[in-house]
Structure formats: C-alpha cells, structure tokens
Amino acid sequence: MLEANLQQRINAQLLDKLQLAYICVDSSMTVVEVSDNLSSYGYNDIVIGANVEECVDFMFGFDAQTQLDLPMVQSPSGITISVSLLPSDRLLTVLISNASNQADQRQLLQQKANENELLVERQEKLLTQLEQASEQLESKNEQLEEASRLQTSFLSGVSHEFRTPLTSIIGYTNLVEQSLQCPTDKTGSDIQQKADHLRAVQRSSRHLLSLVENLLDHGKLDSDEIMLRPKTTNLVELFQDVELLLKPLSDAKHIELTINLDIDDSTIVVIDDSRLRQCLINLLGNAVKFTDHGSVSLTADLSGDFLSIKVADTGPGISDEDLQKIRLPFWQAADTGKAGTGLGLTITERIIELMGGELEVSSVLSEGTQVSFQIPAPMLMDQECAKVLNSKQSLADMTVLLAEDDHDIAALMVVMMAERGVHLTHVENGALALEAMQSTTFDFVLMDIHMPVMTGYETLAALQQANNSTPVVIMSASTVEAGRMKAESLGCYDYLIKPVDVDDVIEIMNHVALDKDADHTC
Amino acid sequence: MVGDFSVGKTSITQKFVNNVFSEKYLTTIGVKIDTATVGEDKLIVWDVAGRDSLSPINASYLVGASGVILVADGSRSSTVGGLLEIWQTVTNRIGSVPVVVALNKADLDGWQIDDHSRALLDQQGWDVFATSAKDGKNVEAVFKKLVEIMNCKES
C-alpha cells in the first residue's frame, strides 16, 4: 500500500516536471482516469464517469479509436497545449503537454511574417493602382492629343470649306460689279455670262449655308435638340431640287449624276423635307466630292409608306479599317486630300435615326461606295394629295405685313415677293406692326424676332392677348430650339430660320390660304 | 473557421461568441476553441490558424468537424481565390461537409468582389455572405445558415 502511494507520488511529480497531463476514456468515451494536474490547464470539472465530450471542448466529435495530434490548442487556462490522442485496445489516452513556449516563439515569428506579407500585398496593390492610374493618364493624354489633332484638322477643314465658296462669291460678285461699271457689251452672251456668275454665287451661298447648318446641328446632337418637323411634301420635287443643287458640282468634275425615282409625280408624303434634303445633300455631296471619275447615282422608291434611298458612287472606296471610323464626328480620311468638316455623315446618320431609319454603308476599295437607308414616309390618300397640289393658287389678293428692322433683308423680301405677285407692307418693329394691324386687316404677317421698341415675342404675346388670330410667321436667325418653342407657345403659325427661302414663305401662304378656304367652306 | 491569414476568422468568431471586436491584428497560432449557441443547438467553434504562403492549414484540426465556415477578405481577391484550395484540403480530410462562405471586411471603403472571384464562388454553389466583424453585418447570419444546413443534412 505504501509502495503504491509512493509510486503515485513519484508519477505525479514526474508528470508535473514534464508538464504532462492525461485523461483516459473507455470505448464509450467515459472518463476512467485523469491526472491530478489537469486543473493547471483549466480543466477543472473532469470527474471519473463523466462523458469526456461534455467536459473537454476539444474532444467533441472524436471516438475512442481516433489517433490524432493536435498541436497548439488554446486551453481554458489560456496556456497553449499540445494534445495527442493515443488509442489502445480498451482505452483512449488523451495526453496533454504544455506548448506555451513553442507557441509564444511561433506567435512572434508568425506575426512578423504575416504583417510583412500584408505589407507586400498592400505595396503590390498600390503599385497596380499606380500602374492603372498611369495607364489611364496615358490614355487620357492620347485622347487629348487626338482631340487636339481633330480640332486642328477640323478648324483647318472648316476654314478651307468656308474659303472655297467665299472665294467664289467674292470673285463672281467682283466680276458682275465690274461688268456693271463698264456696260459696254449688252449682247446675249454677256447677259448669259452674268447669269452664270450669279448662279455660281447662289450655289456657293447655298453651300455655305449647308456648312453652317451642319456645324450648328453638330452642336445640337449631344443635347438632343434636333427635332423633326414633318409636313406634306412632294417627293419628286424634293429630289429634283437636290439634283439641281448638286448638278453643278458633278458637272464641274465631269461626273455623271443620275437620280432614278420609282415614285409617282403626284405622290405626297408626310416627312421633314428640310432634314431629308439635308441628308441627301450630305450623302450626294460626299459621293461627288470623293469621286473623281465615273458616276454618282441616287435611287429612290416608295413602297408601303417606306422610302428607300441608295446613293452609289464609283469613287476610291473605303477600307474596312476606315469604315469603322467614318461615323465619328470630325473624322476624315487622311490621304484623300479632300477638305471638309467631317460632320456630314455623323449628322446624317443621327437624323436618319431620328426619322426611324438606319444608315448602312458598304464599300469596296477601288470600286466605290454604297450608302443606303429606309425611313417611314406615310403617303397621303389621293384626294388629300389633290388638295395639296391644287392649293397653289393666286396669292396676289392676300394682304401681307412684314415686320423687319434690317432694311437690306426687308428690301430683298419686298422685291422677291413682288416677283411672285405678292405685295408686302413693311414696318420696322413690333409696335408699328400692331399699329398697322389695328388699321388694316392682314391675311398674313412675316415677323423678325429681334427688333427694337417691341420684339417679335412681345408682339406675339400682345396679339395673343388681343385674341388676334392673324397667322404670324416668325423669321429668326437663331437656331436654338427654345426660341422656336417660345414662339410656338405664343401662337406663331410657323417658324423659319434665316436666310429665309421665299419659296418656303409662298408654300406657307398657300397653306394659310387653304386653311382660310376650308374655314369658309365650313 | 478556415481561410487565409488575416481575413478575420478570429474577429468573426469573437464578434459572434463574445460580441467584441478589436482593430488590432493578432495572428492565431494553432487553434482557439469557443462555445456558442444558435437556437437550441450548441456549437463548438474551432478557430483555426490561417493559411499563409509557407504553412498550409493543419488538417488535424478539421477532424470531427460537422461543418465549415470558409472565410476570405473581400478586399484581397487572392484570399477569395484561395478558398478553393482550402476547400480541397477540407474535403480531402473529412469529405464534403456543410459549408458557408463569409467574405469579410465588407465595411471597408472600396470593398468589392471582382467578377472573376464572384464567378468562382457561384460555380461552387456556396451560400456566400458579405460580412463585417467590425459592425456585425451578417455575422450571425453566417452561423445560422451553417447550422440550418447541418440540421438539414442530419434530418
């Protein structure tokens, strides 16, 4: 008995010295024996007969056959221990040793290593961010350089585009002026020559106007300010107009320009004719500009309320690479030597999209280019067409008031309208217009916006207040959409952009006359 | 709780078990064992030392586990990618056990899982939670989800 106690004491001292503790469990995981020093690791509640899973947290989930080493487990006392599960035939011995020294050393090393690795990771991340920022800056720089290049090229193109018609206008007007100062020759050939010169001036002026319109439209593209204004349009007349405008250009280059229409002369559709005209001039103008030999053709047909148009040329063609870029604003092929703003196609494509179509471009190098699109163009019924076509009646009986402070424009309007049999009464501002309208009943008023004493807007407002329903057509140099909307809200009949085409005024007068007739009929 | 080092395994555990959080990073050595309850279920949570470039997960700590929470740091994509390798270690040792994923540190500015990492996680079909041990976001949800999956498996 004494010997057994002694042996127990020796064993206990040995375990303490080695900082070892143990738990023995049977096959049902019931504690059968424990060392006395278990409490030094915080395991205080382990009693013989208890289930080890319930009193030792790390033993949960194991069975008596598990052989396992669990290094560095934090014990309830906070001391780090190493655990070995040693199964035998009848018992599982759980051997616990103090691993706090080893854990402390490991903690120091691991903490430093992990912190270093985190630092390296952060540095790598920062480097990547720096590289990305640098790449973005480089890309931005390239974009800026490209923008600057495009701007320079654009300004140079615009300058050239403006100079060409201006040179023509100045040159031909000089010639006409000289011939007027020395009227020695009154032969038919001289008159014919003057007429040719004036036609050249007119052509160049229209070209200048188209350039200005393109430039202004480009400014509106981003702000979605371009709006469509569909109206009844005779398609054949529209195509003939465009042909007449482009013919001199193609003739000058000895290129054949053909317009093939599969459309009846009397067909009237509802479409924004000025925007369609702008698109056709841009597309045909481009085709003529880039074609040095051969022909340019426009084919159009109307089917099921859809207008299909194809412009084909025998020009140099466009490479696949350039085909990707031609729709970009300001882009121009580098090696063509042709001046331009690089805006025509961009604007045309946008307008066609607004009209509900899609511009398609195909090209073969050295063979030519084809541009086509299809847009809705609702046709009027036969009787409606007849009404529109018959509306061009005599306007001589109409009384028309012109309110315009610019004497040159007013004088021009008076002369041009007189040539069409219309007599204008001219006043210089809105106040005088109101005064004139009190004493005389006018069928129609043409009015500028920016006038001294009383502006066009103020005059419209005064007329609206007085319930005066005389149709007023505004003539404005402003292309800003807000101006048109303001005038429309004040009850204007129509809104024309300067320079005003007298034919447009006549057409509106026809509509006014037609409305008047309709009212009388009713 | 397994994952790469410094992803916040200990922080999530401490937030869940003791509702505490510390900004200070203290690497875990070996394993820390805690006890918590989810509803009527008692959980014994083994918070295992994180994997680093030199030391893999000690698979002995995985023996007996009924489920695994894979933890990654959402602001370090390498730790998200590393989950696949860690999951391989788990399945090699204890087979396919219930698993949920905690993408931790969701409170950090600019925390964003890139498309590649997101695709990796989606491919596995894991339940993924954006967690924050700091503000407690989804911490409880992760444990609840794991318990739910474990209970489903048992029944």
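Structural data are supplied above this passage.
On a predicted model such as this, the values are computed, not experimentally measured, just so you know. Position numbers for residues start from 1 in each chain and track the written sequence from start to end. Throughout, the order in which chains and ligands are written sets their labels, letters from A for the former and numbers from 1 for the latter. Local features are withheld for residues below a pLDDT of 70 in this predicted model, meaning they are given only at 70 or higher, and side-chain atom pairs are given and counted only at 80 or more; totals for whole chains, interfaces and linings count all residues.

## Here's the deal with the overall build of chain B
Piece 1. Secondary structure assignment for chain B yields four helices and six strands.
Piece 2. Per the convention used, a helix needs a DSSP run of H or I reaching at least four residues, while a strand needs a run of E reaching at least two, with both numbered from the N terminus. In sequence order, chain B lays out its α and β elements as β-α-β-β-β-α-β-α-β-α.
Piece 3. In this description, any two residues whose backbone-derived C-beta atoms lie within 7 Å of each other are considered to be in contact. Residue pairs at least 24 apart in sequence account for 70% of intrachain contacts in chain B once pairs closer than 6 positions are excluded.

## With respect to the overall build of chain A
Piece 1. Across its full length, chain A holds 14 helices and 17 strands.
Piece 2. Put plainly, a residue is buried at 20 or more neighbouring C-beta atoms within 10 Å of its own, exposed at 12 or fewer, and partly exposed in between, counting only other residues' C-beta atoms, which are placed from the backbone. Classification of the 522 residues of chain A by burial places 26% in the buried group.
Piece 3. Relative to all contacts within chain A whose residues are 6 or more apart in sequence, the contacts with residues 24 or more apart total 62%.

## A word on unusual backbone geometry
Piece 1. Going from Lys-498 of chain A to Pro-499 of chain A, the amide bond is cis rather than trans, its omega being 0 degrees.
Piece 2. Inspection of the secondary structure assignment puts Pro-499 of chain A in the loop between β17 (494-497) and α14 (502-521).
Piece 3. The phi torsion at Asp-305 of chain A lies on the positive side, around 65 degrees, for a residue other than glycine.
Piece 4. Among the secondary structure elements, Asp-305 of chain A is positioned in the loop between β9 (295-303) and β10 (306-313).
Piece 5. The exposure class of Asp-305 of chain A is exposed, given the 11 C-beta atoms found within 10 Å.
Piece 6. Its identity as a non-glycine residue notwithstanding, Asn-19 of chain B has a phi of 55 degrees, on the positive side.
Piece 7. Considering the arrangement of structural elements, one finds Asn-19 of chain B in the loop between α1 (9-18) and β2 (31-38).

## Considerations on the sheet that holds strand β14 (residues 424-427) of chain A
Residue and element names in this part refer to chain A.
Piece 1. Criterion used throughout: strands pair if DSSP finds at least two bridges between them. With parallel pairing, five strands are arranged side by side in an open sheet as β14-β13-β15-β16-β17. The sheet is open, and its two edges are formed by β14 and β17, each paired on a single side. Direction aside, the axes of adjacent strands within the sheet are offset by 20 degrees on average. All axes here are fitted lines through C-alpha atoms, helices being fitted over the stretch that makes contact, and every angle between N-to-C directions spans 0 to 180 degrees.

## Some remarks on the sheet that holds strand β5 (residues 99-104) of chain B
Residue and element names in this part refer to chain B.
Piece 1. Within the open sheet, the four strands sit side by side as β1-β4-β5-β6. Their pairing is parallel. Since the sheet does not close on itself, it has two edges, and those belong to β1 (2-3) and β6 (127-130), each with one partner.
Piece 2. Contacts from helix α2 (residues 77-94) reach β1, β4 (68-73) and β5 within the one sheet, and its direction differs from that of β4 by about 155 degrees.

## Quick notes on the interface of chain A and chain B
The extent of an interface is frequently quoted as the accessible surface area lost upon association of the parts.
Piece 1. Facing 23 residues of chain A, the contacting portion of chain B comprises 18 residues.
Piece 2. Contributions of two or more residues to the side of chain A that touches chain B are made by β3 (68-74) and α3 (100-181) of chain A.

## Here's the deal with the pairing of strand β3 (residues 41-48) of chain B
Piece 1. Examined bridge by bridge, β2 of chain B and β3 of chain B share eight bridges and lie antiparallel to one another. By the bridge assignment, Thr-35 of chain B is partnered in β3 of chain B with Ile-44 of chain B.

## Regarding the nonpolar core
Within soluble globular proteins, side chains that are nonpolar generally end up buried alongside one another.
Piece 1. Any nonpolar core is a set of buried residues, restricted to Ala, Val, Leu, Ile, Met, Phe, Trp, Tyr and Cys, that join up through C-beta atoms within 7 Å. If you look at the biggest cluster of nonpolar residues, it comprises 60 residues, and the most contacted ones within it are Ile-23 of chain A together with Ile-69, Leu-70 and Val-71 of chain B.
Piece 2. Among all residues touching Val-71 of chain B, those that are not within four sequence positions of it are Met-1, Val-2, Gly-3, Val-7, Gly-8, Lys-9, Ile-12, Ala-102 and Asn-104 of chain B.
Piece 3. Membership of the second largest hydrophobic core comes to 31 residues, among which are Ile-271, Leu-276, Val-288 and Ile-352 of chain A.

## A few points about the packing of helix α5 (residues 235-252) of chain A against helix α6 (residues 273-290) of chain A
The angle between the axes and the distance between the axes are what describe a pair of packed helices.
Residue and element names in this part refer to chain A.
Piece 1. At a minimum axis separation of 10 Å, α5 and α6 run at an interaxial angle of 30 degrees. Classified by the interaxial angle, the pair formed by α5 and α6 is roughly parallel. Classified by chirality, the crossing of α6 by α5 is right-handed. Listed contacts from α6 to Leu-238, Asp-241, Val-242, Leu-245, Leu-246, Leu-249 and Ser-250 of α5 are Asp-273, Leu-276, Arg-277, Leu-280, Ile-281, Leu-284, Gly-285 and Val-288.
Piece 2. Classification convention: Asp, Glu, Lys, Arg as charged; Ala, Val, Leu, Ile, Met, Phe, Trp, Tyr, Cys, Pro as nonpolar; all other residues, Gly among them, as polar. A per-class count over the contact of α5 with α6 returns ten nonpolar, two polar and three charged. Throughout, the term roughly parallel applies to angles under 35 degrees, roughly antiparallel to angles over 145, roughly perpendicular to angles from 65 to 115, and oblique to all others. Should the near helix be turned anticlockwise from the far one by less than a right angle, the crossing is termed left-handed; should it be turned clockwise, right-handed.

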